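# Residue-level structural notes
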Amino acid sequence: EAWVRRHPDSQLASPLLWARIRAIVCLTLLSIACQMPDSVGCFELLGYDIIVDQSLKPWLLEVNTSPALSIECEADSQVKRGLISDLADLLALQRPQAPAAKADRDTNTARARSAGAGVVRLGAR
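Residues numbered from 1 in each chain as written. Predicted model: local features only at pLDDT ≥ 70, side-chain atom pairs only at ≥ 80, totals over all residues. Heavy atoms only, no water.

The subject of this paragraph is the pattern of salt bridges. Tallied over the entire structure, the rule returns 1 salt bridge. Between Lys 80 and Asp 76 there is a salt bridge, with the nearest N and O atoms lying 3.5 Å from each other. Placement of the pair is Lys 80 and Asp 76 together in helix H3 (residues 74–90), with a separation of 4 residues, close to one helical turn. Look at Lys 80 and you get buried, because its relative accessible area is 13%. Using a relative accessible area of 18% as the deciding quantity, one classes Asp 76 as buried. (Salt bridge = Lys/Arg side-chain N within 4 Å of Asp/Glu carboxyl O. Helix = DSSP H or I, 4+ residues; strand = E, 2+ residues; numbered from the N terminus. Buried < 20%, exposed > 50% of the residue type's maximum accessible area, 1.4 Å probe, protein only.)

This is the structure we're talking about:
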């Protein structure tokens, strides 16, 4: 979503394309759901390699169970730093913050909780 916001005029910002990519991800996850162990407090990071053809049709190339997270070039940095940040947010991991930033975050968290927002952890019961 962040990429789409930065490149709204790109053909790759097509809502239909991203809906198709989400469908690919959901269908592959459904195909292995019964094989996944029930491990509370654990998660698995999967790397999806998808290519998009000239007609904006996405094709699944492979799913990696141990995607590389090393940063070796600028493209890696642009993709992987955001990925790691988003993963930390999904897992509700705390990042070191200045006291003022922590106070702001605590206030925003309290507001979100009162509005019914929350984070769902994988494997949580």
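Attention now goes to helix H2 (residues 15–32). Between its first and last C-alpha atoms H2 spans 26 Å; for 18 residues at 1.5 Å apiece the expected length is 26 Å, and the two agree. Of all the positions in H2, only Leu 17, Ile 21, Ile 24 and Thr 28 are classed as buried. Taken end-on, H2 shows its buried residues confined to a sector of 55 degrees, consistent with a single buried face. Along H2, exposed side chains directed more than 90 degrees from the buried face belong to Pro 15, Leu 27 and Leu 30. (Expected span 1.5 Å × (residues − 1). Arc of directions from axis to C-beta.)

Before going further, it helps to spend a moment on the pairing of strand S1 (residues 47–52). Where S1 and strand S2 (residues 58–64) come together, 6 bridges link them in antiparallel fashion. Note that in S2 the partner of Val 52 across the bridge is Pro 58. The turn joining S1 and S2, which pair antiparallel and follow one another in sequence, is formed by 5 residues; a positive phi near 65 degrees is taken by Leu 56. (Pairing = 2+ DSSP bridges.)

What follows is about the environment of Ile 50. Within the secondary structure, Ile 50 sits in strand S1. When the C-alpha positions of Ile 50 and Ile 24 are compared, they lie 9.2 Å apart, and in sequence the two are 26 residues distant. With residues near it in sequence (within four places) discarded, Ile 50 still touches Ile 21, Ile 24, Pro 58, Trp 59 and Leu 60. (Contact = heavy atoms within 4.5 Å.)

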